[in-house]
Structures are given as structure tokens and as C-alpha cells.
Amino acid sequence: MGPIDYLVVEFPGSRMTGEGFPILVDLVDRGLIRILDLTFIRKEADGSVTAMEIADLTGDGKLDLAVFEGASSGLLGQDDLNEAAAALEPGNSAGVLIYENLWAAPFAAALHRGGAELVASGRIPAPAVLAALDATETAP
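About the criteria used
- The numbers attached to residues start from 1 for each chain and follow its sequence in the written order.
- Note on the predicted model: pLDDT of at least 70 is required for a residue's local features to be given, and 80 or more for side-chain atom pairs to be given and counted; whole-chain, interface and lining totals, by contrast, use all residues.
- Remark: hydrogens and water are excluded; side-chain values derive from all non-hydrogen atoms of the structure.
- Numbering of helices and strands starts at the N terminus; helices are DSSP runs of H or I of at least 4 residues and strands are runs of E of at least 2.
- A simple rule labels every residue: compare its accessible area, found with a 1.4 Å probe on the protein chains alone, to the largest value its type can have, and call it buried under 20%, exposed over 50%, or partly exposed in between.
- Per-residue and other accessible areas were derived by the Shrake-Rupley procedure at a 1.4 Å probe size, with only the shown protein chains allowed to occlude residues.
- Note on ring pairs: Phe, Tyr and Trp rings are taken, using the six-membered ring of Trp, and paired if centres are within 6.5 Å. Classes follow the plane angle, with under 30 degrees stacked, over 60 edge-to-face and the rest tilted.
- Here, nonpolar core refers to any group of buried Ala, Val, Leu, Ile, Met, Phe, Trp, Tyr and Cys residues whose side-chain atoms link them within 4.5 Å.
- Note on definitions: a residue-residue contact is assigned when non-hydrogen atoms from the two residues lie within 4.5 Å.
- Whether two strands pair depends on DSSP finding at least two bridges between them.
- Orientation is described by axes fitted as lines to C-alpha atoms, over the contacting stretch for helices, and by angles from 0 to 180 degrees between their N-to-C directions.

Turning our eyes to something else, we now look at the overall build of the protein. Looking only at helices and strands, the protein has 4 helices and 4 strands in total. Helices (α) and strands (β) of the protein occur, in sequence order from the N terminus, as β-α-β-β-α-β-α-α. Taking all 140 residues of the protein together, the buried fraction comes to 29%. For the protein, the exposed surface amounts to about 9300 Å²; the carbon and sulfur share of it is 59%.

Here it is in C-alpha cells:
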């Protein structure tokens, strides 16, 4: 099994263009990732959290995400959704995605067969990388 990651993507004003969905489908089709869970939530003005129907999130009447209908492994629970919602501003919605990095599975298996063990893992946020690169470029 490859590494498992999650993303919480906030949509201000609950406006979703759907522009990223074909790219997500392409990642799945090319065997780079496997979607384990995909859920959408909305944080209401009073702070309550509601689940959103996956079939038509852009509101244009098209079944944009029907391909992801039923993507639920059981890894994502109500506590996780509440934690994700805590990061949202009221009136906004979010997609919560848990996915396996299939591209890394053969590498991880080879390391495991060789006796190696993963002792640390993490992710550097893209804004931090960009800021560090900018600082490097402007350094004397």
C-alpha cells in the first residue's frame, strides 16, 4: 500500500467551478492515486455543519462528480469532518479527500522487503516552499 494523504479544500462562499475535478479523475485514471474517501461539507452561518450531495456541487444541473459517488472507505468519520469544519469560515464549504499514493506503493514495498522502516513523514506546504525559493533567489 502507498502512503495515505488527506486534503481539505475550502470553497469561499461555497462557489465551486469544477475546474479541478477533471484533473482529479485523470490522476485516478493514470493510476497515480486511489480515492479512499471524498466528502463535501458546508459550514453554516451559525457554525453547524451539513453534508452536501456529491452529485451536483457546482449547481449547474450536471452530474459533475457522479464518478466519485460512493467513494467511502470508512476512514473518514464524523470527528474528522468536525475537525475539517473547524478550519472553515461560516458560509463556506469544503471537499475532504483521503487518497492513496499508488505511485509510491512499489517503492514502499521494495524498501519493506529490504528491511527498511519509515521513521518520519510529512509535507511541506507549497506556500512555504515558494517563500523559501523566493528568499534564496533574493539572497546576496
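Time to look at the packing of aromatic side chains. One pass over the full model with this rule turns up 1 aromatic pair. Summarising the aromatic geometry, the rings of Phe21 and Phe40 are spaced 6.4 Å apart at their centres and angled 80° between planes, so their arrangement reads as edge-to-face. You can see Phe21 sitting in helix H1 (residues 21–29) and its partner Phe40 sitting in strand S2 (residues 33–43), a full 19 residues away along the chain. The class of Phe21 is buried, set by a relative accessible area of 13%.

A few words on the nonpolar core. Grouped together as the largest cluster of nonpolar side chains are 11 residues: Phe11, Met16, Phe21, Leu24, Ile33, Ile35, Leu38, Phe40, Met52, Leu97 and Tyr99. Elements with a contribution of two residues or more to this core: H1, S2 and strand S4 (93–101). Among the elements that make up this core, the one with the highest residue count is S2 (4 residues). In terms of nonpolar packing, the next biggest core, distinct from the first, is built from 10 residues, Ile41, Leu76, Leu81 and Ala94 among them.

On to the environment of Ile98. On the secondary structure map, Ile98 appears in strand S4. On the basis of relative accessibility, which here comes to 10%, the residue Ile98 falls in the buried class. The contact partners of Ile98, leaving out residues within four places of it in the chain, are Ile4, Asp5, Tyr6, Arg34, Ile35, Leu36, Asp37, Leu75 and Leu76.

One open sheet accounts for 4 strands, arranged S1-S4-S2-S3; its pairing is antiparallel. Every other strand in the sheet has two partners, leaving strand S1 (4–11) and strand S3 (49–51) as the edge strands with one partner each. Looking at each pair of strands side by side, their axes are set apart by 25° on average, direction ignored. As paired strands, S2 and S3 are joined by 3 bridges and run antiparallel to one another. Across the sheet, the residue bridging to Arg42 is Thr50, located in S3. Its contacts with the sheet place helix H2 (residues 78–86) against S1, S2, S3 and S4, and it is angled at close to 60° to S2.

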